[in-house]
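This is what each chain is made of:
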Amino acid sequence: DPTVRGLKFNLSHCSGMVCLAISLNRDVGIDSEILAPRRRMISIAKRFFTETEVQALEDLEGDAQTRAFCRLWNLKEAYVKARGLGIAAVGLDNFEFPEVQLLGHPKPQVSESPTKGPHWQNLNPKHSTSSLILLLHT
């Protein structure tokens, strides 16, 4: 069946949450994280994110910075998964998402048009302490 050949899926899990994303003829990545302050958040960002992303994170404070950091990590992991590559092979600082400020909002919406490049959406799970990012890649 040709439809089955175009079926793509991706899995993620954290703290009792299991996520499955299914797509037809588009690469898909999904990642889940707990939204919690992390020790050394900015130093971790400096190691793994681009300079632009780090600067945007440094411009945020408190909960907004925590949300943006966790969701950016989510987004980068989902992108790498959608591409079928490992983090070590790609390097999280070799590509960037310019919408870091947006990720700090309590309920960020979607990114680019689904017809141009990667399209992501924050799925806002019921657990307010979780972040779930779905990314479709053309």
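## Describing the nonpolar core
Thinking step 1. Within the largest apolar cluster, 23 residues are counted, with the highest numbers of intra-cluster contacts made by Phe49, Leu57, Phe69 and Phe95.
Thinking step 2. Those elements that provide at least two residues to this core are helix H2 (41–48), helix H3 (51–58), helix H4 (62–83) and helix H6 (100–103).
Thinking step 3. Per element, the largest residue contribution to this core is 9 residues, and it comes from H4.
Thinking step 4. Beyond its immediate stretch of four places on either side in the chain, Phe95 contacts Thr50, Glu53, Lys76, Tyr79, Val80 and Val90.

## Quick look at the pattern of salt bridges
Should the charged atoms of two oppositely charged side chains come close, the side chains can pair.
Thinking step 1. The tally for this structure, following the rule as stated, stands at 3 salt bridges.
Thinking step 2. Asp27 is the salt-bridge partner of Lys8, the closest N and O atoms lying 3.0 Å from each other. Separated by 19 residues along the polypeptide, Lys8 in strand S1 (residues 7–14) and Asp27 in strand S3 (residues 27–34) bring together distant segments of the chain.
Thinking step 3. In this structure, the salt-bridge partner of Lys76 is Glu53, at a minimum N-O distance of 3.1 Å.

## A word on the environment of Cys70
Thinking step 1. Tracing the backbone shows Cys70 in helix H4.
Thinking step 2. Exposure remark for Cys70: the relative accessible area of 1% places this residue in the buried category.
Thinking step 3. Expressed as a C-alpha distance, the spacing of Cys70 and Ile34, which sit 36 residues apart in the sequence, is 7.5 Å.
Thinking step 4. Those residues in contact with Cys70, other than ones at most four positions away along the chain, are Glu33, Ile34, Leu35, Ala36 and Arg38.

## Observations concerning the pairing of strand S2 (residues 17–24)
Thinking step 1. Burial along S2 is one-sided: Met17, Cys19, Ala21 and Ser23 are buried, while Val18, Leu20, Ile22 and Leu24, pointing the other way, are not.
Thinking step 2. The pairing of S1 with S2 spans 8 bridges and is classified as antiparallel. Bridge pairing in S2 links Cys14 to Met17.
Thinking step 3. Between the antiparallel neighbours S1 and S2 lie 2 residues, among them Ser15 with a positive phi of about 40°.

Parameters at a glance
Residues numbered from 1 in each chain as written. Predicted model: local features only at pLDDT ≥ 70, side-chain atom pairs only at ≥ 80, totals over all residues. Heavy atoms only, no water. Core = buried A, V, L, I, M, F, W, Y, C linked by side-chain atoms within 4.5 Å. Buried < 20%, exposed > 50% of the residue type's maximum accessible area, 1.4 Å probe, protein only. Helix = DSSP H or I, 4+ residues; strand = E, 2+ residues; numbered from the N terminus. Contact = heavy atoms within 4.5 Å. Salt bridge = Lys/Arg side-chain N within 4 Å of Asp/Glu carboxyl O. Pairing = 2+ DSSP bridges.

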